[in-house]
Amino acid sequence: MRSAESEPAAPGPPLWAAALVFALSGAGALVIESIWMRWFRLVFGATAPAVTATLVAFFAGQALGAAMAARRAAGLRRPLRTYAYIEATAALAAFAVPALLSLAGAGTDRVYDSLRTTPAALNAVRMAIALVATLPAAICFGASLPVLGQAMVGSPRALGARGGLLYGANILGAALGAALAGFGLPEQLGVLGTYMVGVTLLIAAALGALQLARNRIPADAARARPAAPADTAAPAEPIAARGLLWLAALSGFGAFASQVLLTQAFALVHDQSVYAFASVLVVVLLSLALGALITAAVERAGWLDPRSLAGFALAAAGLGLACFPALLSQATDGLHVLRSARPWPDYLLRSLALVARTVHARPCDRRVAEDESRDTSGRSDVDDRVQ
């Protein structure tokens, strides 16, 4: 009988295949999140608290799930199979959300008269309903990346290159899901039908991961294989873990507080607040995906210290947000409403162009902005406004 050390190990799944599965997961998750926002708008009766509830439920659940999975991922013998089970659980939990919201809404109707005189208490009850209904699915969304990373990334030194690729693929899928759920599918399939598409995508990700797991060697066997030669390059001076956590927390707070504010701002120039939410979400996700893929390429090539790249990105984001109000007013000729008879794809393209012009415009390039404002001969796609 051959020893474990001498047995040939089955090859693991390619990184691109895992990235494709994770892209399906991202698309499903964002279809689901976009429909949550529609339902929460009915629960709260206004856009701003609905957007806040959606982001709080989605990202608080992701944070809890990631923290829980990070503690246990290293001890998993078959992390890819575990990832498939997490995706299947996410699909089941998401499937239950409409029924949970319906039951909770019926209970709230009974006490509405006693709570309507205290809006803070009423909104607290509504927020609790949103969290209870959606947190289980969101926790699974958050747990997926640490577990898949344990299966596919390997060495911590490969986190930027391999982990960045996985994250970028997930966010690209999420951007596609947000675009479809915000503009295309509800008009064709209805809101509930669109939601079921998101659940189906999660199931497809689970089945894809199970298929990949058949070719994945268990962690015990992987540890028994001879170690690869150590990387002799001198690592960069590490940053204290506590400092990294604070930096990540502050960055996340700023990013998603800005997303709420951007959605409220774009709701002023869209026919529906759902379109404003979807437009901002798609552009934010595409930007995150692009940043992740660029980081993965930079890490793979070793062109730039990641700390320098992070500092530059944060500074550029701050400058862009500072210039946003003036850019939005200029791009919409004083907040005139964007209109189109066809939500898909015409309104989507016009809306994304508007968001991209204001969110991603170069804040220091004033000459270009002035030239565009003087150009009266060629109106852009997003200038079909009420005059």
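To keep things clear, this report deals only with the structure shown in the data block. Just so we're clear, the structure is a prediction, and the values are computed from it rather than from any experiment. Throughout this description, residue numbers start from 1 for each chain and increase along the sequence as written. For a predicted model such as this one, the threshold for reporting local features is a pLDDT of at least 70, and the threshold for listing and counting side-chain atom pairs is 80 or more; totals across whole chains, interfaces and linings nevertheless cover every residue. Excluded from the side-chain calculation are hydrogens and water; included are all heavy atoms of the structure.

## Some thoughts on the packing of aromatic side chains
Centre distance within 6.5 Å is the pairing criterion for rings of Phe, Tyr and Trp, where only the six-membered ring of Trp is used; planes under 30 degrees apart are then read as stacked, over 60 as edge-to-face, and the remainder as tilted. Under the defined criterion, the tally for this structure stands at five aromatic pairs. Seen from their ring centres, Phe 22 and Tyr 83 are 6.0 Å apart, and the 75° between their planes marks the pair as edge-to-face. With Phe 22 in helix H1 (residues 15-44) and Tyr 83 in helix H3 (residues 79-115), the pair connects residues that are 61 residues apart, well separated along the chain. Burial classes follow relative accessibility: with a 1.4 Å probe on protein chains only, a residue under 20% of its type's maximum area counts as buried, one over 50% as exposed, and anything between as partly exposed. Looking at Phe 22, the relative accessible area reads 2%, which means it is buried. Residues Trp 36 and Phe 58 carry aromatic rings whose centres are separated by 6.3 Å and whose planes lie at 70° to one another, so their mutual orientation is edge-to-face. In this pair, Trp 36 is assigned in helix H1 and Phe 58 in helix H2 (residues 47-72), connecting sequence segments 22 residues apart. Strands here mean DSSP runs of E at least two residues long; helices mean DSSP runs of H or I at least four residues long; both are numbered from the N terminus.

## With respect to helix H4 (residues 119-152)
Here the expected length of a helix is defined as 1.5 Å per residue gap, with one fewer gap than residues. The end-to-end C-alpha distance of H4, which contains 34 residues, comes to 48 Å, matching closely the 50 Å that a straight helix rising 1.5 Å per residue would cover. In H4, a bend of some 50° at Leu 135 exceeds every other bend along the element, and Pro 136, a proline, comes one to four places later. Note that the bend at a residue is defined as the angle between axes fitted to the seven residues ending at it and the seven residues starting at it.

## Remarks on the nonpolar core
With 63 residues, the main nonpolar core has Trp 36, Phe 141, Leu 166 and Tyr 195 as its most contacted residues. Listed by contribution, the elements that provide at least two residues to this core are H1, H2, H3, H4, helix H5 (159-213) and helix H8 (273-301). The greatest single-element share of this core, amounting to 15 residues, is contributed by H1. Only heavy atoms enter the contact rule, under which two residues are in contact if any of them lie within 4.5 Å. Each residue touching Tyr 195, except ones within four places of it in the same chain, is listed here: Ile 32, Ile 35, Trp 36, Trp 39, Ala 94, Val 97 and Pro 98. Of all hydrophobic cores here, the second largest spans 13 residues; its members include Val 283, Ala 331, Leu 338 and Val 355. We define the nonpolar core as a collection of buried residues of types Ala, Val, Leu, Ile, Met, Phe, Trp, Tyr and Cys that are connected through side-chain atoms lying within 4.5 Å of one another.

## Quick notes on the packing of H1 against H4
Between N-to-C directions, angles span 0 to 180 degrees; the directions come from axes that are lines fitted to C-alpha atoms, helices contributing only their stretch in contact. Packing of H1 against H4 leaves a shortest axis separation of 12 Å and a crossing angle of 175°. The angle between H1 and H4 falls in the class roughly antiparallel. Residue-level inspection shows Leu 15, Ala 18, Phe 22, Ala 29, Ile 32, Trp 36, Phe 40, Val 43 and Phe 44 of H1 in contact with H4, the latter providing Asn 123, Arg 126, Met 127, Ala 130, Thr 134, Ala 137, Ala 138, Phe 141, Ser 144, Leu 145, Leu 148 and Met 152. A breakdown of the residues in the contact of H1 with H4 according to their chemical character gives 17 nonpolar, three polar and one charged. Oblique is the label for any angle not under 35 degrees, not over 145, and not in the 65 to 115 range, which are roughly parallel, roughly antiparallel and roughly perpendicular in turn. Only Asp, Glu, Lys and Arg are considered charged in this grouping, and only Ala, Val, Leu, Ile, Met, Phe, Trp, Tyr, Cys and Pro are considered nonpolar; every other residue, Gly among them, is considered polar.

## Points about the packing of H2 against H4
Where H2 meets H4, the axes come as close as 6 Å, and the angle between the chain directions of the two elements is 40°. Here H2 is positioned oblique relative to H4, judged by the angle of their axes. Helix-helix and strand crossings are classified by hand; for H2 and H4 the assignment is right-handed. Broken down by class, the residue content of the contact of H2 with H4 amounts to 20 nonpolar, six polar and no charged. By convention, the crossing between two helices is left-handed when the near helix turns anticlockwise from the far helix through less than a right angle, and right-handed when the turn is clockwise.

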